[in-house]
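# Secondary and tertiary structure notes
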Amino acid sequence: LYRLDAPVPLSQSLPMLERMGVKVMDERPSEIVRQDGSVVWLHDFGLSFSAAETLNIHDIQPLFHDTFRRVWSGEVENDDFNRLVLLAGLSWREVSVLRAYAKHMRQAAFTFSQAYMEQALACYPQLMRQLYALFRARFDPALEADREAHCKDITAQIEASLNTVANLDEDRILRQFLAVLKAMVRTSAFQPDAAAHAFKLLPRELSLLPEPRPMFEIFVYSPRFE
């Protein structure tokens, strides 16, 4: 990690890294003085990850770097949803879609805390990839495949994965994520470089929501909103 002029405080960097699912084993700072007299600090972190042998480092490296940079700048929230970058191979933008579902569920007074939902999602990385794949199949304007058939296939895969979830609380959380996705009819999530998302939903499709349910709801998620 490089920084101009001043070192990075460990109290700032370590929580960000650890909430991305790694353990920081050691850190070696170096001060580099350039010819013009300015100083660059180089922080060399030793990181440990429980499933390191499953990672394709060439694929995951840019996703990890980009997510950390955006957490650092405040574009992305510093929470345990960011573990899905390493666990599920999702980008910061893809993770932010799943985070937005959870924010909607919390606003609707869902029983479980955000921390518990983060923990549940981290246990099922393949299912998280499938949920985002369904979101993309439904709404990505660049998709050229038969959208209806593609969504049907992915939904069948998700249902099969859900049938393997033994914990009842986790099953309820994951099925609610799917329900929110199915209730969506429009999104702004594919706008270029969007850190905020707007979702248009059909509240009548969500039993979680209290009566009276309006015909439509526009839910906006953004770190700045939060």
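Since the structure is predicted, the reported quantities are computational estimates derived from the model, not experimental observations.

Covered by surrounding structure in strand β5 (residues 197-201) are H197, F199 and L201 only, the residues A198 and K200 on the alternate face being uncovered. Taken together, the three bridges between strand β4 (residues 184-187) and β5 define a ladder with antiparallel strand orientation. Bridge pairing links T187 to F199 in β5. One ladder, built from five bridges, connects β5 with strand β6 (residues 217-221); its direction is antiparallel. Across the sheet, the residue bridging to K200 is I218, located in β6.

We now examine the sheet that holds β5. Spatially, three strands are ordered β4-β5-β6 in an open sheet, and the strand pairing comes out antiparallel. A single partner strand is all that each edge strand has here, and the edge strands are β4 and β6. Within the sheet, the average angular offset between the axes of one strand and its neighbour, ignoring direction, is 25°. In this fold helix α4 (residues 92-107) packs onto β4, β5 and β6, with an angle of close to 125° to the strand it touches most, β6.

How each quantity is defined
- Residues numbered from 1 in each chain as written.
- Predicted model: local features only at pLDDT ≥ 70, side-chain atom pairs only at ≥ 80, totals over all residues.
- Heavy atoms only, no water.
- Buried < 20%, exposed > 50% of the residue type's maximum accessible area, 1.4 Å probe, protein only.
- Helix = DSSP H or I, 4+ residues; strand = E, 2+ residues; numbered from the N terminus.
- Pairing = 2+ DSSP bridges.
- Axes fitted to C-alpha atoms, helices over the stretch in contact; angles between N-to-C directions.
- Contact = heavy atoms within 4.5 Å.

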